[in-house]
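Letter by letter, the chains look like this.
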Amino acid sequence: MKAMVLKKLCNLKENQTPLELMELPVPVPGDGEILLKVSVCGVCHSELDEIEGRTPPRQLPVIPGHQVVGRIEAAGSKVSTLKIGDRVGVAWIFSACGACKFCLAGNENLCRSFEATGRDANGGYAQYMTIAESFAYPIPEVFSDVQASPLLCAGAIGYRSLRLTGLKDGQHLGLTGFGASGHLVLKMVQYKYPNTEVYVFARSAEERAFALELGAVWAGDTPEQAPHKLDSIIDTTPAWEPIVAALANLESGGRLVINAIRKEGDKQSLLRLDYPAHLWLEKEIKSVANITRRDVKEFLSLAAEMNLKPEVQVFALEQANEALFELKTGKIRGAKVLKID
Ligand SMILES: [Zn+2]
Ligand SMILES: [Zn+2]
């Protein structure tokens, strides 16, 4: 099979082709596993963190990709609920132990044995991949493969982030960063909280224009002051400066939810952190970690109910490096996906 493979960690600014197109054997599904013929795999910012070593794969080489849509081509023994020909998706959660206190309480995203698709196990930048059937999700019929793919990470983790804000209808919500996840959160908010106004902070003029086009009431550059204090803000940026800026925009008692697996270099921005301006008055900060199967399932059914269609840019599998480089350099409108023949 064809696969785009990460063999060595690198800095994308120095090496714009971190992934290598390779011909590999088709994997064989083990007990309880299915073999997927991959149709589409989304491109996520977490892939940059894997490639550049901020959340490094356990071993190399590895096939990245964790927003996978495909059909079941073969099944190992003990597969009981899914069958050959079914269309399913795979998300960031590849496996969790199922027995620890976190798993038993429904917080499998916090499991210390959490394995991530495309980082700790081969993912979907390939023609085939295997996964336990209990970690695959039937895709609602209303979505094409291309439309479903970004829902599996950008959408599902956006859903988790929105839940963690504790937002109530009519409160003001801020989004700092407006990529794949941000634009889906905006659409979810319009459906679930019709009286909530959304304020968007983004460094690029294109992202701000895109936010206004989709119905944000205001869009400004990252360090700007919004015309309103915001009850919650979701951060989806890779940097620290937006955190400080967001805290200054937060209402008393408000909550900043950081939806990022790692942050990059600009730590000196934190030295501007001023206790009365940024933290006092019971402001809270909460990070989002990983995803649970419940999040993915609940979100897919909500997305189908509200007919949530992501804005998608399609690349060929062989163009994975190009898609990643565009993500790195901030050329973002909606979600990027790889279409795999
Ligand atoms: Zn992701
Ligand atoms: Zn566990």
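The structure under discussion appears in the preceding block.
All figures in this text were calculated on a predicted structure; none of them were measured in a lab. (Residues numbered from 1 in each chain as written. Chains lettered and ligands numbered in written order. Predicted model: local features only at pLDDT ≥ 70, side-chain atom pairs only at ≥ 80, totals over all residues. Heavy atoms only, no water.)

A. The coordination of the zinc ion (ligand 1), seen in detail. At the metal site, the zinc ion (ligand 1) is ligated by C44 (SG), H66 (NE2) and C153 (SG), and these contacts range over 2.0 to 2.2 Å. Positions of the donor residues of the zinc ion (ligand 1) along the chain correspond to the pattern C-x21-H-x86-C. Of this pair, H66 sits in the loop between helix 1 (45–51) and strand 4 (68–75) while C153 sits in the loop between helix 3 (145–148) and helix 4 (154–165), placing them 87 residues apart in sequence. Assigned by exposure class, H66 and C153 land together as buried. (Donors = N, O, S within 2.8 Å, 3.2 Å for Na, K, Ca; no water. Helix = DSSP H or I, 4+ residues; strand = E, 2+ residues; numbered from the N terminus. Buried < 20%, exposed > 50% of the residue type's maximum accessible area, 1.4 Å probe, protein only.)

B. Structural context of helix 10 (residues 320–328). Counting buried positions along helix 10 yields 7 of 9 residues, so the element is predominantly enclosed. Here the buried face of helix 10 lies against strand 1 (2–6), strand 2 (19–23), strand 3 (33–43), helix 1, strand 16 (312–316) and strand 17 (335–339). Positive phi shows up at G330, right after helix 10, with a value of about 80°. (Contact = heavy atoms within 4.5 Å.)

C. Expanded view of the coordination of the zinc ion (ligand 2). Surrounding the zinc ion (ligand 2) are the protein donor atoms C97 (SG), C100 (SG), C103 (SG) and C111 (SG), which sit 2.3 to 2.4 Å from the metal. In this structure, the zinc ion (ligand 2) is coordinated by 4 donor atoms arranged in tetrahedral fashion, with angles at the metal of 105 to 116°. The sequence pattern formed by the donor residues of the zinc ion (ligand 2) is C-x2-C-x2-C-x7-C. For C97, a relative accessible area of 39% puts it in the partly exposed group. (Tetrahedral: all angles 85-135°; square planar, octahedral: opposite > 155°, others 65-115°.)

D. The arrangement of the pairing of strand 3 in detail. Of all 11 residues that make up strand 3, 9 are buried, and the element is covered over most of its length. Taken together, the 5 bridges between strand 3 and strand 8 (residues 128–132) define a ladder with antiparallel strand orientation. Among the inter-strand pairings, I34 is bridged to a residue of strand 8, identified as I131. Here strand 3 runs beside strand 4; their pairing, made up of 7 bridges, is antiparallel. Across the sheet, L36 pairs through a bridge with I72, a residue of strand 4. (Pairing = 2+ DSSP bridges.)

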